[in-house]
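Residues per chain are reported as follows:
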Amino acid sequence: EARPGIRIFVDVDVDMRDGLQETIRRGVQTCGAFLFFITDGILGSPWCLQELRWAVQYGKNIVIVRETDARHGGIDMKDFFKQVPADLLPVFQNGVAIPWYREKGFRGVSVQTILTRANLQDAFQTKVHKLHKTKRDLEAIFKPQAQQITCFDIIQERSKTLWVVLFMGGFASFKDQANQRVYNTLFSSSF
């Protein structure tokens, strides 16, 4: 199941410039998490075993997933453990295999569990959460105020000098030169 923002290296989709073994080794070495998908016969593949050994060697976060549908290679874990090479047994004994469900309603749970175990974030879900948060923030900013705010409220809150000027009559003119100078000074400083 595709997820935006998550790049997946699949060993069948490789750039062969450096040769198959080096390309796959580098893919394992540079991955953020190594997903090992348990199916019947997987341990019969020397390549899959080598990839798993590289993941152990490089200290990768190994996420184990097991197929649940026998039609697609699902295998009983008791039978699987009988096939595990001794050097890889601790990988499976120390981890819990995430069941892979193919039914659409359950597949999402498998995907979310894999993402969590791999320490990855679902970019789509992250964006949806961010969108909802932005919506709530905007609603809080633009919600109607319980009381009407007038320009006089803003002036009184922001500029005491302009409030004094308006209290004195706004664009006033005084006959007394001293009062006119005081008023002009207050009026000029209020803007």
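Residues numbered from 1 in each chain as written. Predicted model: local features only at pLDDT ≥ 70, side-chain atom pairs only at ≥ 80, totals over all residues. Heavy atoms only, no water.

Helices and strands together make up the secondary structure of the protein, namely 9 helices and 3 strands. Written out in order from the N terminus, the α and β elements of the protein read α-β-α-β-α-α-β-α-α-α-α-α. Classification of the 191 residues of the protein by burial places 26% in the buried group. In the protein, the share of contacts with a sequence separation of at least 24, taken over all contacts with a separation of at least 6, comes to 60%. Working note: accessible area of the protein is about 13,700 Å², and carbon and sulfur atoms make up 57% of it. (Helix = DSSP H or I, 4+ residues; strand = E, 2+ residues; numbered from the N terminus. Buried < 20%, exposed > 50% of the residue type's maximum accessible area, 1.4 Å probe, protein only. Contact = heavy atoms within 4.5 Å. Areas by Shrake-Rupley, 256 points an atom, 1.4 Å probe, with all protein chains shown as cover.)

Bringing the nonpolar core into the picture now. Membership of the largest hydrophobic core comes to 21 residues, with the highest contact counts inside it found for Phe36, Ile38, Phe80 and Phe92. Listed by contribution, the elements that provide at least two residues to this core are helix H1 (20-30), strand E1 (34-38), helix H2 (46-57) and helix H4 (89-93). The element that contributes the greatest number of residues to this core is H2, accounting for 5 residues. Excluding anything up to four places from it in sequence, phenylalanine 36 contacts Ile42, Leu43, Cys48, Leu52, Val63, Ile64, Val65, Phe80 and Phe92. (Core = buried A, V, L, I, M, F, W, Y, C linked by side-chain atoms within 4.5 Å.)

Examined against the element boundaries, phenylalanine 92 turns out to sit in helix H4. Looking at phenylalanine 92, the relative accessible area reads 4%, which means it is buried. It is 9.9 Å that separates the C-alpha atoms of phenylalanine 92 and valine 63, two residues lying 29 residues apart in sequence. Those residues in contact with phenylalanine 92 that lie beyond four places of it in its chain are Phe36, Ile38, Leu52, Ile64, Phe80, Phe81 and Val84.

For the rest of this paragraph, the subject is helix H5 (residues 104-117). Relative to the 20 Å expected for 14 residues at 1.5 Å per residue, H5 spans 20 Å between its end C-alpha atoms, a close match to the ideal helical length. Within the sequence span of H5, burial applies to Ser110, Val111, Ile114 and Leu115. The arc that holds every buried residue of H5, seen down its axis, measures 130 degrees, which confines them to one face. Residues Gly105, Phe106, Val109 and Thr116 are exposed on H5 and point more than 90 degrees away from its buried face. Buried residues along H5 sit in contact with E1, strand E2 (62-67) and strand E3 (98-100). (Expected span 1.5 Å × (residues − 1). Arc of directions from axis to C-beta.)

This part covers the packing of aromatic side chains. Scanning the entire structure with this criterion turns up 5 aromatic pairs. Residues phenylalanine 37 and tryptophan 100 carry aromatic rings whose centres are separated by 6.2 Å and whose planes lie at 70 degrees to one another, so their mutual orientation is edge-to-face. Taken together, the residues span a long stretch of sequence, with phenylalanine 37 in strand E1 and tryptophan 100 in strand E3 at a distance of 63 residues. Classification of tryptophan 100 as buried rests on a relative accessible area of 12%. Ring centres of tyrosine 101 and phenylalanine 106 lie 6.0 Å apart, and the angle between their planes is 55 degrees; on these two criteria the pair is classed as tilted. The class for phenylalanine 106 is exposed, based on a relative accessible area of 52%. Ring pairs connect the aromatic residues Phe36, Phe80, Phe81 and Phe92, which therefore count as one cluster. (Phe/Tyr/Trp six-rings, centres within 6.5 Å; stacked < 30°, edge-to-face > 60°.)

Regarding H1, the residues found buried are Thr23, Ile24, Arg25, Gly27 and Val28. Against the buried residues of H1 lie E1 and H2.

Within the structure shown, the criterion is met by 6 salt bridges. Residues arginine 26 and glutamate 22 are paired through a salt bridge, measuring 3.5 Å at the closest nitrogen-oxygen approach. Here the residue arginine 26 and the residue glutamate 22 both occupy positions in helix H1, the gap between them amounting to 4 residues, near one helical turn. Residue arginine 26 is classed as partly exposed on the basis of its relative accessible area of 32%. (Salt bridge = Lys/Arg side-chain N within 4 Å of Asp/Glu carboxyl O.)

This part is about the sheet that holds E3. One open sheet holds the 3 strands; their spatial order is E1-E2-E3, and the pairing between them is parallel. On the outer flanks of this sheet lie E1 and E3, each paired with one strand and no other. Along the sheet, successive strands turn relative to each other by an average axial angle of 30 degrees, direction set aside. Bridge count between E1 and E2: 5 bridges; the pairing is parallel. (Pairing = 2+ DSSP bridges. Axes fitted to C-alpha atoms, helices over the stretch in contact; angles between N-to-C directions.)

Right, let's get into the pairing of E1. Of the two faces of E1, the one holding Phe34, Phe36 and Ile38 is buried and the one holding Leu35 and Phe37 is not buried anywhere. Where the polypeptide runs from E1 across H2 and back to E2, its parallel neighbour, the crossover connection is right-handed. (Right-handed = clockwise from strand over helix to strand, strands pointing away.)

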